[in-house]
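Examining the three-dimensional arrangement
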Amino acid sequence: MLTGLSKGLTSYGDAEFSLFLRKAFIKAMGYTDDALTRPIIAITNTASDYNPCHGNVPDLIEAAKRGVMLAGGLPMVFPTLSIHESFAFPTSMYLRNLMAMETEEMLRAQPMDAVVLIAGCDKTIPAQMMAAASVDLPAIVVPTGPMNVGHHRGEMLGACTDCRRFWAAQRAGTLAAGEIDDVNERLAPSIGTCMVMGTASTMACMVEALGLALPGAASATATSADRKRIAEASGARAVAMAKAGGPKVSALLSDTSLHNALVVLQAIGGSTNGVIHLTAMAGRAGVKLDLAHLDQLGREVPVLLNLKPSGAFYMEHFHHAGGLPRLMRELADKLHLDCQNVAGTTLGEVISRAEDVPGQSVIFARDKPLKSAGALAVLHGNLAPRGAVIKQSAASKELMSYTGRAVVFDSVEDMAARIDDPALDVMAGDILVLRHAGPKGAPGMPEAGYLPIPLKLARAGVKDMVRISDARMSGTAFGTIVLHITPEAAEGGPLALVESGDVIRLDVTGRRLDVLIDENEMARRLAVWKKTPPHRPLPPRGYARLFARHITQADEGCDFDFLMHKD
Ligand code: FES
């Protein structure tokens, strides 16, 4: 089997010449022949001035390189795309598959025996794992890690659950003059990823639960010495994996490890986005995420982690309470403990070494959970034939079974234009509906599912309303919000047929989402919809056209159809 520099030679029709030429060029960097015969450990560089969530990537690269060299390997750092949530137009999800494609092709194109994947902001770990699963090489993830906690007037706060809370208070007119500017400086007090259980923290926990990152890798803060030690240890482990030829991603990302990840997703109060990303990542390895299984786990596995937005604390508190190994010990009877990991051990060994921290109040005991049910529930009904998701752990109890009048917004732009209009026909008991905000319709399925409470209702003290859409929502958000309605409106899903004034019924216990109109009326509206020009015409060129033609629905992970695993 070819290894090191001999892998993936550039085509000149003469393999020996290709290797000769490759060595000649790389020696321009001052490498010796000794260095060039070592196992090559590639390290992704996702640092970017546009990405503060990756602000520690240069330090982590240095630490990973140190680990590689201490273990006798040759580190090779290469750049890839970097995506930050707030610096991605029209939305980061639109770019996730581009990053996955680019990373995959560079993993294929460049010689390497293993790869250390350093990333953190929401879409970046999923993109890298989609790539690594498709290439199927030994890979180890180093999350950049969560930010430090912020402080404001005696309370802890952080990105971005508290961003939304304070912005809602500002809209409702309940903040002191100038307070919103103080808060703006304190929400993200350091580099690193959002420190609540948003999508970044969720995906870091998912890769650790899957065995694709070292124990503790999900929770150590971005600025901590622990984080650098994890990077160094990951570099060293990558060398061992390169020498052994594995485990490759396919050996770790399996039906059983995915089950473990879903158990954890329910217990940590994980982001709804985690469902889409896990579907895409596992899908690349030929493993299917079954929404019915996820929902069943939501009935069996309670939320144990006291982190915002479902609870009170932040990721650094989780780390100091024992992190994911300690939490997983509470769930041992639900987990496949024989699953292997990149540390070269089993999950059973990891949780047997978990630290017990006396007096901690972040990880709840299984028999005294934070919430009796899991974080997520999957809904079906005549509005969501292929499913929809609600984060029940962050929803209002009194709205979980609810019937109300629909107020429909036809697009994100329509919602932005009308939501605060004093003349908008909306009352506190209504259900807000947003459509054409799905994978194809927006495009890119923006995190617009957290529709703001209309200004006149916010000022009247309304804090939550049932909101439904084919969009996504930030994992940091809270509210009674139904997301990922599939098929989306742009694909002719029933959501496209709802009219303002229709009555919608949400029944989370019964796992139903229905519009209360009869089938004949639905059929009449569908016939009209079919004759209506598309909400958004096919883009004329480039990535936008590729995206519109090949993006799949939420239940397929929003991957491109031509990148999904084929048997
Ligand atoms: Fe990067 Fe929240 S914006 S993790």
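Scroll up for the structure.
Anyway, here's the lowdown on the structure attached to this text.

Points about the overall build of the protein
In terms of helices and strands, the protein carries 20 helices and 14 strands. In terms of overall size, the protein behaves like a compact globule, its C-alpha atoms giving a radius of gyration of 24 Å where 567 residues would be expected to give roughly 24 Å. Expressed as lengths along the three principal axes of its C-alpha atoms, the size of the protein is roughly 75 × 60 × 50 Å. Counting every position in the protein, which comprises 567 residues, the buried fraction comes to 57%. Taking the contacts inside the protein whose residues are at least 6 apart along the sequence as the reference set, 76% of them involve residues at least 24 apart. As displayed, the protein offers around 22100 Å² of accessible surface, 55% of which is attributable to carbon and sulfur atoms.

Things to note about the state of the cysteines
Going through the model one piece at a time under the given rule, you end up with 1 disulfide. Two residues share a disulfide in this structure: Cys160 and Cys163, whose sulfurs sit 2.0 Å from each other. Residues Cys160 and Cys163 share a disulfide whose torsion about the S-S bond is about -85°; that sign makes it left-handed. We classify Cys160 as partly exposed; its relative accessible area is 24%. Free of any disulfide, Cys339 has its nearest neighbouring cysteine sulfur in Cys205, separated by 17 Å.

Focus: the sheet that holds strand β3 (residues 114-119)
Taking strand neighbours across the sheet as the criterion, the 4 strands line up as β2-β1-β3-β4 in an open arrangement whose pairing is parallel. Where the open sheet ends on each side, the last strands, each with one partner, are β2 (74-79) and β4 (139-143). Between one strand axis and the next, the sheet turns through 20° on average, direction left out of account. Across the face of the sheet, helix α3 (residues 57-70) comes into contact with β1 (40-45), β2, β3 and β4 while running at roughly 175° to β1.

Points about the pattern of salt bridges
Tallied over the full model, the rule gives 38 salt bridges. The salt bridge involving Lys65 is made with Glu62; its shortest N-O contact spans 3.9 Å. With Lys65 and Glu62 both in helix α3 and 3 residues apart, this pair spans about one turn of that helix. By relative accessible area, Lys65 is classed as partly exposed at 25%. Taking relative accessible area as the criterion, Glu62 reaches 46% and is therefore assigned partly exposed.

Overview of helix α5 (residues 124-135)
Along an α-helix, a turn takes 3.6 residues, which lines up residues three or four apart on a common side. Taking 1.5 Å of rise per residue, 12 residues should cover 16 Å, and α5 covers 17 Å from first to last C-alpha, within 8% of that figure. Buried within α5 we find Thr124, Ile125, Pro126, Ala127, Gln128, Met129, Met130, Ala131, Ala132, Ala133 and Val135. At the exit of α5 stands Asp136, carrying a positive phi of roughly 55°.

Details of unusual backbone geometry
Glycine aside, residues mostly have negative phi, and peptide bonds are mostly found in the trans state. For the peptide bond that leads from Gly246 to Pro247, omega is 5°, which places it in the cis range. Within the secondary structure, Pro247 is located in the loop between α9 (225-244) and α10 (249-252). Residue Ala442 is joined to Pro443 through a cis peptide bond whose omega torsion reads -5°. For Pro443, the location among the structural elements is in the loop between β10 (431-434) and α18 (455-458). Unlike most non-glycine residues, His436 shows phi in positive territory, near 55°. Tracing the sequence through the fold places His436 in the loop between β10 and α18. In this structure, Arg511 takes a positive phi of about 60° despite not being glycine.

Description of the environment of Phe547
Its place among the elements puts Phe547 in helix α20 (residues 542-550). Residues Phe547 and Met130, spaced 417 residues apart in sequence, show a C-alpha to C-alpha distance of 17 Å. Not counting residues within four places of it along the chain, the set of residues in contact with Phe547 comprises Met93, Tyr94, Pro439, Pro443, Gly444 and Phe560.

Focus on the nonpolar core
Taken as a class, soluble globular proteins show a tendency for nonpolar side chains to be buried jointly. Within the largest apolar cluster, 104 residues are counted, with the highest numbers of intra-cluster contacts made by Met129, Leu278, Phe318 and Leu327. The greatest single-element share of this core, amounting to 8 residues, is contributed by α5. For Phe318, the contacting residues outside a window of four places in its chain are Cys205, Ser219, Leu305, Leu307, Gly323, Leu324, Leu327, Val362 and Ile363. Ranked by size, the runner-up nonpolar core spans 30 residues in total, among them Leu383, Leu506, Val508 and Met522.

Let's talk about the pairing of β1
Most of β1 is tucked away, with 5 of its 6 residues classed as buried. Across 6 bridges, β1 lies against β2 in parallel orientation. In the strand pairing of β2, Ile40 is matched with Leu74.

Quick word on a nonpolar patch on the surface
Taken together, the side chains of Tyr12, Phe17 and Phe20 present a nonpolar region at the surface, about 340 Å² in accessible area. With respect to the helices and strands, Phe17 occurs in helix α1 (residues 15-26).

Notes on the side chain of Glu316
Structurally, Glu316 can be placed in helix α14 (residues 315-320). Excluding anything up to four places from it in sequence, Glu316 contacts Met147, Asn148, Val149 and Thr221.

Scoring rules and cut-offs
- Residues numbered from 1 in each chain as written.
- Predicted model: local features only at pLDDT ≥ 70, side-chain atom pairs only at ≥ 80, totals over all residues.
- Heavy atoms only, no water.
- Helix = DSSP H or I, 4+ residues; strand = E, 2+ residues; numbered from the N terminus.
- Rg over C-alpha atoms; globule rule 2.2 N^0.38 Å.
- Buried < 20%, exposed > 50% of the residue type's maximum accessible area, 1.4 Å probe, protein only.
- Contact = heavy atoms within 4.5 Å.
- Areas by Shrake-Rupley, 256 points an atom, 1.4 Å probe, with all protein chains shown as cover.
- Disulfide = S-S within 2.5 Å.
- Pairing = 2+ DSSP bridges.
- Axes fitted to C-alpha atoms, helices over the stretch in contact; angles between N-to-C directions.
- Salt bridge = Lys/Arg side-chain N within 4 Å of Asp/Glu carboxyl O.
- Expected span 1.5 Å × (residues − 1).
- Core = buried A, V, L, I, M, F, W, Y, C linked by side-chain atoms within 4.5 Å.
- Patch = residues over 30% accessible without salt bridge, like charges linked within 9 Å, V, L, I, M, F, W, Y side chains within 5 Å.

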